[in-house]
Amino acid sequence: VVDFAQSHDAILVVGMERGGTSILQQTLSSAPDLVSWQGEFETFAFDKPGILCSEEPRPMTKMYLGPGDEFAEYRQWFETLSDWPDVWIPARRLVSAYFYYASEKLRNGARVLEKTPRHALSLDLILRFFPKSKVVGILRHPFGVVESYHKRLLREKERGGDPAGYAWLDRTPRQIVAHVDRIAAALLEGQRKHPQQVMRVTYEETLRDPEFVFGLIGEFCGVDGIVVNTRKKVDQTKVSDVDPLLRAGAIVTGNSYESSIPLAEKLALIRAYPDVFEATTGVTITRS
């Protein structure tokens, strides 16, 4: 496990919820070396390592290993490990063993591909635990994220789902943009500190010219054979056990949006969070 963690070139996709991380992960999983990682499963492993030793893990944390008893078997296997390096804290042991088990025990040594948006806040931890890994972060225009949040919230309500399950979507525009700002700042700082291992793309450019963007991502990650499927509209949704409203996988659409945020609120948001608007749109304002 120690050798695996120190030498394995995992690919981690990070960014903003409702910001394009799914299409990055789904499209990357089309590559022959990564096809075994198809599926929309967020592990939260670097964000909350303790869930990897929980008797009741998050559904997607469990599903990343498989739909059956794989997680329980991983837990039993982990308890047999010993002789860890003294400097390895419990979190590092758990995370490294989890991905080792997913790759070496369950997928014949396949290169790890994982997507958890908020892992953008854990870049230093990722690169400490897996120093050879590559991180691809995606940023989206804050107003587009707001619209996506609100549309998804409406669909969840129409579906009649459990309100506790979609409470994370029930946010004001200011709360959403504040979170986007935090994610963007972490990603920009991570890229500044680790330019050879952290790559940043934008959602808008990915939609405008997906072959170009995924060509750059493939080159950065050392991945060949990525298949980019484009379609103007997606009429049907992909039904899954963990996310019944997830859109059909690995399709880059030409979606556009018209923001419903009032002008006065837009101006207030860009003045409150100028850095994220500059990072995602190039728009700058005079700072007071």
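Our structure is the block above this text.
The shown structure was predicted, so the numbers you read here are calculated from the model rather than taken from an experiment. (Residues numbered from 1 in each chain as written. Predicted model: local features only at pLDDT ≥ 70, side-chain atom pairs only at ≥ 80, totals over all residues. Heavy atoms only, no water.)

Visitor: Before we go on, may I ask you to explain the overall build of the protein chain in this structure?
Guide: Of the regular secondary structure elements, the protein chain holds 12 helices and six strands. Counting every position in the protein chain, which comprises 288 residues, the buried fraction comes to 50%. Contacts in the protein chain between residues at least 24 apart in sequence constitute 70% of all its contacts with a sequence separation of at least 6. Summed over its atoms, the accessible surface of the protein chain is roughly 14,100 Å², and 48% of this surface lies on carbon and sulfur atoms. (Helix = DSSP H or I, 4+ residues; strand = E, 2+ residues; numbered from the N terminus. Buried < 20%, exposed > 50% of the residue type's maximum accessible area, 1.4 Å probe, protein only. Contact = heavy atoms within 4.5 Å. Areas by Shrake-Rupley, 256 points an atom, 1.4 Å probe, with all protein chains shown as cover.)

Visitor: It is not clear to me how the layout of surface pockets should be interpreted in this structure. Could you clarify?
Guide: Over the atoms rolls a probe the size of a water molecule, and its path tells where empty space is left. Taken as a whole, the second largest pocket holds about 160 Å³ of empty space. Surrounding the second largest pocket, S54, E55, E56, P57, K62, G68, D69, F71, A72 and R75 form its lining. The biggest single contributor to the lining of the second largest pocket is helix α4 (residues 70-78), with three residues. Its residues placed into classes, the lining of the second largest pocket shows three nonpolar, two polar and five charged. (1 Å grid on protein atoms, 1.4 Å probe; cavity = no way out; pocket = protein on both sides within 12 Å on 5 of 7 lines; lining within 4 Å. Points joined across faces, edges and corners; volume = space filled by probe spheres on them. Nonpolar A, V, L, I, M, F, W, Y, C, P; charged D, E, K, R; others polar.)

Visitor: Quick question: what am I supposed to make of the sheet that holds strand β3 (residues 134-139) here?
Guide: In a beta sheet, neighbouring strands pair by backbone hydrogen bonds and run either parallel or antiparallel. Sheet architecture is open: four strands sit in the order β2-β1-β3-β4, paired in parallel fashion. The two strands at the open ends of the sheet, each matched to only one other strand, are β2 (113-115) and β4 (198-202). Averaged over neighbouring strand pairs, the angle between their axes works out to 20° when direction is ignored. Relative to β4, β3 runs parallel, the two sharing five bridges. Counted as the bridge partner of V135 is V198 from β4. (Pairing = 2+ DSSP bridges. Axes fitted to C-alpha atoms, helices over the stretch in contact; angles between N-to-C directions.)

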